[in-house]
Amino acid sequence: MTLNKEQKIELYKALPEEVRSVMSSMSTANIIIDMAGKNGVAPEKISIISQEIGDVMLGISDIKDFSATLVRRVGIDQARAEEIKKVVELTILSSVKIHLIKAREVAARMIKEFEKTASAQVTPERATQKIVSQGLATQTPPTTQTPRPATGPDQIPETHPYHLLDRSKPVT
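Report on the accompanying structure. What you see as residue numbers is a count from 1 along each chain, following the sequence as written. The predicted nature of this model means local features are confined to residues of pLDDT at least 70 and side-chain atom pairs, given and counted, to a pLDDT of 80 or more, with totals for whole chains, interfaces and linings taken over all residues. To get the side-chain values, take all heavy atoms of the structure and skip hydrogens and water.

With that out of the way, let us pick up the overall build of the protein. Numbered from the N terminus, helices here are DSSP runs of H or I no shorter than four residues, and strands are runs of E no shorter than two. Counting secondary structure elements, the protein contains eight helices and zero strands. The order of α-helices and β-strands along the protein, N terminus first, is α-α-α-α-α-α-α-α. Each residue gets one of three labels from its accessible area relative to the maximum for its type: buried under 20%, exposed over 50%, partly exposed in between, using a 1.4 Å probe on protein chains only. When the 172 residues of the protein are sorted by exposure, 28% land in the buried category. Note on contacts: a residue pair qualifies if any of its non-hydrogen atoms lie within 4.5 Å across the two residues. Look at the contacts in the protein between residues 6 or more apart in sequence, and 58% of them connect residues 24 or more apart. Looking at the protein as shown, the accessible area adds up to about 12300 Å², and 56% of this sits on carbon and sulfur atoms. For every accessible area listed, the method is Shrake-Rupley and the probe measures 1.4 Å; residues are considered covered only by the protein chains on display.

Here it is in structure tokens:
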């Protein structure tokens, strides 16, 4: 399941304070920029590395898949991806390793809840699939006539505030 921004924010809020602190730290950002530069990562690809590190810290991704993801998403060779993974583990993740175990457990529970919520929501596509699967697609829906708006004082209901106006005095 791909998580949207709001779901990732919920996961972030559920993280232990130590992990959130490392994620938002300027020293973490500097490590990422320095490491990317040393491994020949184009500046425009650094944000992808940051995203992937964030996903590991949120418990969405596993560090075991990190280097393969970098090869695929950043377009670097396996050796550079492994070097970046090693630096990330030693300099960023090692200080919060114990907290990351808890983060993965919490993330797994929350993702299951997100999936339940998503499967319970009726999207237009799901509604169409259900209609087609039940053979209701050939039936035409009943037409409803939209009421016309009131256009004159005789068509406005007596309970409307218009009728409370004193029309004997000119409006100024």
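Picking up after the structure, the text goes on.
Right, let's talk about the nonpolar core for a bit. I49, I53, M57 and I84 are the most contacted members of the largest nonpolar core, which totals 34 residues. Broken down by secondary-structure element, the contributors of at least two residues to this core are α2 (17-23), α3 (26-38), α4 (46-58), α5 (66-74), α6 (78-93) and α7 (97-120). Setting aside residues no more than four positions away along its own chain, M57 makes contact with L15, V19, V22, M23, I92, L93, V96, L100 and A103. We define a nonpolar core as any set of buried Ala, Val, Leu, Ile, Met, Phe, Trp, Tyr and Cys residues linked to one another through side-chain atoms lying within 4.5 Å.

Further remarks concern α3. In a regular helix each residue adds 1.5 Å, so 13 residues correspond to 18 Å; α3 covers 18 Å between its end C-alpha atoms and thus fits that length. The complete set of buried residues in α3 reads T28, I32, M35 and A36. Along the long axis of α3, the arc covered by the buried residues comes to 100°, so they all point the same way. Within α3, the exposed residues directed more than 90 degrees away from the buried face are M26, G37 and K38. Looking at the packing, one finds that the buried side of α3 touches α2, α4 and α6. G40 sits one or two residues past α3 and shows a positive phi near 70°. One less than the residue count of a helix, multiplied by 1.5 Å, gives the span that helix is expected to have. The directions from the helix axis to the C-beta atoms are what the arc is built from.

Here we come to the side chain of D55. For D55, the position within the fold is in helix α4. With relative accessibility at 11%, the residue D55 sits in the buried group. Those residues within four positions of D55 in sequence are excluded, and the remaining contacts are K8, I60 and S61.

With that out of the way, let us pick up the packing of α4 against α6. It is at 12 Å that the axes of α4 and α6 come closest, and there the two elements cross at 55°. What the angle tells us is that α4 and α6 run oblique. Between α4 and α6 lies a crossing of right-handed hand. In contact with I49, I53, V56 and M57 of α4, α6 contributes I84, V88, I92 and L93. Every axis in this analysis is a line fitted to C-alpha atoms, fitted for helices over the stretch in contact. Angles between the N-to-C directions lie between 0 and 180 degrees. For classification purposes, angles smaller than 35 degrees are called roughly parallel, those larger than 145 roughly antiparallel, those between 65 and 115 roughly perpendicular, and all remaining angles oblique. In a left-handed crossing the near helix is turned counterclockwise from the far helix by less than a right angle, and in a right-handed crossing that turn is clockwise.

Turning to the packing of α4 against α5, a few remarks are in order. Axis separation between α4 and α5 bottoms out at 10 Å; the angle between their running directions is 150°. Taken together, the axes of α4 and α5 are roughly antiparallel relative to one another. Remark: the crossing between α4 and α5 carries right-handed chirality. Of the residues in α5, those in contact with I48, I49, Q51, E52, I53 and V56 of α4 are F66, T69, L70, R73 and V74. Gly is placed with the polar residues, together with every amino acid not listed as nonpolar (Ala, Val, Leu, Ile, Met, Phe, Trp, Tyr, Cys and Pro) or charged (Asp, Glu, Lys and Arg). The class makeup of the residues in the contact of α4 with α5 is seven nonpolar, two polar and two charged.

Bear in mind that shape data such as this cannot, by itself, settle questions of function.
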